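Geometric and topological summary
Spelled out, the chains give:
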Amino acid sequence: MGSATPSAAARNPRLAELALALGGFGIGTSEFVIMGLMNRVAADLQVATADVGYAISSYALGVVVGAPLIAALAARVPRRALLIVLMLVFAVGNLASALATAFWPFVGLRFLAGLPHGAYFGVAALVAAAAVPIDQRARAVSRVMLGLTSAIVVGAPLATWAGQGFGWPVAFAGVGGIALATAVLIRLWVPPQAPNHQASPRRELSGLVKRRVLATLGVASIGFGGMFAVFSYVVPTLSAQAGMAESVGPWVLAIFGIGTILGNLVGARAADKHLMRAIPCILGWCLLVQGGFFFAANHLVSGLLFVGLVGTSMALGPALQTRLMDVAGDAQTMAASMNHAAFNCANALGAWLAAVVIKAGAEWSASGLVGAGLALGGLLVFAADRRLERRARLRAAAA
């Protein structure tokens, strides 16, 4: 892939990236805000607070189901049109969530809201990468993903504040409004792309049986899980082991979010410079900072510092997205969309394994050791894939 063609490139790529990032901001806010509104949702819908976890899981399931389904069925849909439709579906899911008056319909609507998540980020990444030279693809992807990381720092806290002050439906209604605005801006600022008449559901699904695609998704599903293992339990960890006051909780989220922004930007630059060196280096960094959290969590200052360092694990995101563009062949939309489904699998895996270890009697900060183990697992998957790739090249050269 060389420089983007004039028909594919935006007249102003930065405005196109801004529109795409706004959609990511809305998606990130919707995904994370419910964690700060669990008590209010539970009280209004008359269920136990723990039951609200079903709504979180339902959203994640929507991401995992929606990514391959939409990528296959919408293979020939022009990318700008597809992005607009995805944002409209996301808007409907969130606005309807705000109107829910019973718990299980609310859970179902969270599933609907999750369906466009993976496909949106995947297609947005492809559109952004097509508008820049080949050596700037990861940075273009990272600028789109800034919407997601900014949601952790700004969107989710603001929506949580609004939900606590004016009722939780306000938070989801606000996200629905952001989605509608995004659809309009995509129509105005993202250039149209011609449909790919060679694309088909069968060709997109072929990406799911390619070894290098599956290996990259494996790195995402395992290696990224460590960040979520730590983040899912970071507040009770610092409260129990470092004596953190409850009032400091929102700052923990902000520090983590700043780390994700820095990691996203630095990781993208490293990936553009040398992708296949960047991925193992980032995984090694994840192993160190997540393992270090185990030792740092007994003191508040060092614990907060390592919360930010763990957030820099987001550097893996643009690197893996770029790797998938290189190995997906004809299944670009499928592979790019599945990357975010893999991240949600990593979320579930990391949180579950950390819970198992903590419930077995380990101290809270053992989540950091779980994270280090998952980063090592991702590194081993990557190393095994590279070894198979080298063997294939040697066999091809010998033939």
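Structure: above.
Residues numbered from 1 in each chain as written. Predicted model: local features only at pLDDT ≥ 70, side-chain atom pairs only at ≥ 80, totals over all residues. Heavy atoms only, no water.

1. Observations regarding the overall build of the protein
Secondary structure summary: the protein contains 17 helices and zero strands in total. Its C-alpha atoms give the protein a radius of gyration of 20 Å, near enough to 21 Å, the size a compact globule of 399 residues would have. Along the first, second and third principal axes, the C-alpha atoms of the protein reach 60 × 45 × 35 Å. At a minimum sequence separation of 6, the contacts of the protein that also span at least 24 residues come to 85%. Of the roughly 16400 Å² that the protein leaves accessible, carbon and sulfur atoms contribute 68%. With 27 positive and 13 negative side-chain charges, the protein shows a separation of 11 Å between the mean positions of the two kinds. (Helix = DSSP H or I, 4+ residues; strand = E, 2+ residues; numbered from the N terminus. Rg over C-alpha atoms; globule rule 2.2 N^0.38 Å. Contact = heavy atoms within 4.5 Å. Areas by Shrake-Rupley, 256 points an atom, 1.4 Å probe, with all protein chains shown as cover. Lys, Arg positive; Asp, Glu negative; His and termini not counted. Charge placed at Lys NZ, Arg CZ, Asp CG, Glu CD.)

2. Some words on a positive patch on the surface
On the surface, a cluster of positive charge is contributed by Arg 387, Arg 390, Arg 391 and Arg 395. Within the fold, Arg 395 resides in helix H17 (residues 366–398). (Patch = residues over 30% accessible without salt bridge, like charges linked within 9 Å, V, L, I, M, F, W, Y side chains within 5 Å. Salt bridge = Lys/Arg side-chain N within 4 Å of Asp/Glu carboxyl O.)

3. Comments concerning the nonpolar core
In this structure, Leu 20, Tyr 120, Ile 186 and Leu 238 are the most contacted members of the largest nonpolar core, which totals 94 residues. At 11 residues, the largest contribution of residues to this core is made by helix H5 (residues 103–130). In terms of nonpolar packing, the next biggest core, distinct from the first, is built from 17 residues, Leu 37, Ala 98, Phe 103 and Phe 172 among them. (Core = buried A, V, L, I, M, F, W, Y, C linked by side-chain atoms within 4.5 Å. Buried < 20%, exposed > 50% of the residue type's maximum accessible area, 1.4 Å probe, protein only.)

4. Quick notes on the pattern of salt bridges
Overall, the coordinates contain 10 salt bridges when judged by the stated rule. Of the charged contacts in the structure, one is a salt bridge between Arg 143 and Glu 17, with a shortest N-O distance of 2.6 Å. Taken together, the residues Arg 143 in helix H6 (residues 137–166) and Glu 17 in helix H1 (residues 13–33) connect sequence positions 126 residues apart. Across the pair Arg 212 and Glu 389 runs a salt bridge whose closest N-O atoms are separated by 3.3 Å. Within this pair, whereas Arg 212 is found in helix H9 (residues 211–223), its partner Glu 389 is found in helix H17, the two being separated by 177 residues in sequence. Residue classification places Arg 212 among the partly exposed positions, given a relative accessible area of 31%. Exposure remark for Glu 389: the relative accessible area of 9% places this residue in the buried category.

5. Remarks on the side chain of Thr 322
For Thr 322, the position within the fold is in helix H15 (residues 316–327). Take Thr 322: its relative accessible area is 2%, and that puts it in the buried class. Other than its neighbours up to four places away in sequence, Thr 322 contacts Arg 137, Ala 138 and Leu 275.

6. Brief notes about the packing of H6 against H15
As a packed pair, H6 and H15 sit with axes 9 Å apart at the nearest point and diverge in direction by 125°. As summarised for this structure, H6 and H15 are arranged oblique, according to the angle between their axes. As H6 packs across H15, the resulting crossing turns out to be right-handed. Two secondary-structure elements touch here, H6 through Arg 137, Ala 138, Val 141, Ser 142 and Met 145 and H15 through Gly 317, Pro 318, Gln 321, Thr 322, Met 325 and Asp 326. (Axes fitted to C-alpha atoms, helices over the stretch in contact; angles between N-to-C directions. Parallel < 35°, antiparallel > 145°, perpendicular 65-115°, else oblique. Left-handed = near helix turned anticlockwise from the far one by under 90°.)

7. Side note on the packing of H1 against helix H4 (residues 79–99)
Between H1 and H4, the shortest axis-to-axis distance is 12 Å and the interhelical angle comes to 30°. Accordingly, the angle class assigned to the pair H1 and H4 is roughly parallel. Of the two elements, H1 crosses H4, and the hand of that crossing is left-handed. Here H1 contributes Leu 20, Gly 23, Gly 26, Ile 27 and Ser 30 to the contact with H4, which in turn contributes Leu 83, Met 87, Phe 90 and Asn 94. When its residues are assigned to classes, the contact of H1 with H4 shows five nonpolar, four polar and no charged. (Nonpolar A, V, L, I, M, F, W, Y, C, P; charged D, E, K, R; others polar.)

8. Quick look at empty space enclosed by the protein
Overall, the coordinates contain three cavities of 30 Å³ or more when judged by the stated rule. Here the largest cavity defines a volume of roughly 180 Å³. Glu 31, Phe 32, Leu 148, Phe 228 and Phe 343 are, among the 15 residues lining the largest cavity, the residues nearest its centre. Secondary-structure elements contributing two or more residues to the lining of the largest cavity are H1, H6, helix H10 (225–231) and helix H16 (332–359). Here the lining of the largest cavity takes four residues from H16, the largest share from any one element. (1 Å grid on protein atoms, 1.4 Å probe; cavity = no way out; pocket = protein on both sides within 12 Å on 5 of 7 lines; lining within 4 Å. Points joined across faces, edges and corners; volume = space filled by probe spheres on them.)

9. Let's talk about the environment of Gly 223
Secondary-structure assignment places Gly 223 in helix H9. On the basis of relative accessible area, Gly 223 is assigned to the buried category, the value being 2%. In this view, Gly 223 contacts Gly 218, Leu 283, Leu 316, Leu 374, Ala 375 and Gly 378; residues no more than four positions away in its chain are not counted.

10. A closer look at H1
Between its terminal C-alpha atoms H1 stretches 30 Å, which fits the 30 Å expected from 21 residues at 1.5 Å a residue. Burial analysis of H1 places 16 of its 21 residues in the buried class, which makes it a mostly covered element. (Expected span 1.5 Å × (residues − 1).)

11. Brief notes about the packing of aromatic side chains
This model, assessed by the stated rule, comprises 12 aromatic pairs. Measuring from ring centre to ring centre gives 4.5 Å for Phe 224 and Phe 343, while their planes differ by 85°; the resulting arrangement is edge-to-face. Here Phe 224, found in the loop between H9 and H10, pairs with Phe 343, found in helix H16; they are 119 residues apart in sequence, far enough to count as distant. For the pair Phe 224 and Phe 343, one class covers both residues: buried. These aromatic residues form a ring-pair network of at least three members: Tyr 54, Phe 103 and Trp 104. (Phe/Tyr/Trp six-rings, centres within 6.5 Å; stacked < 30°, edge-to-face > 60°.)

So yeah, pure geometry; function would need other evidence.
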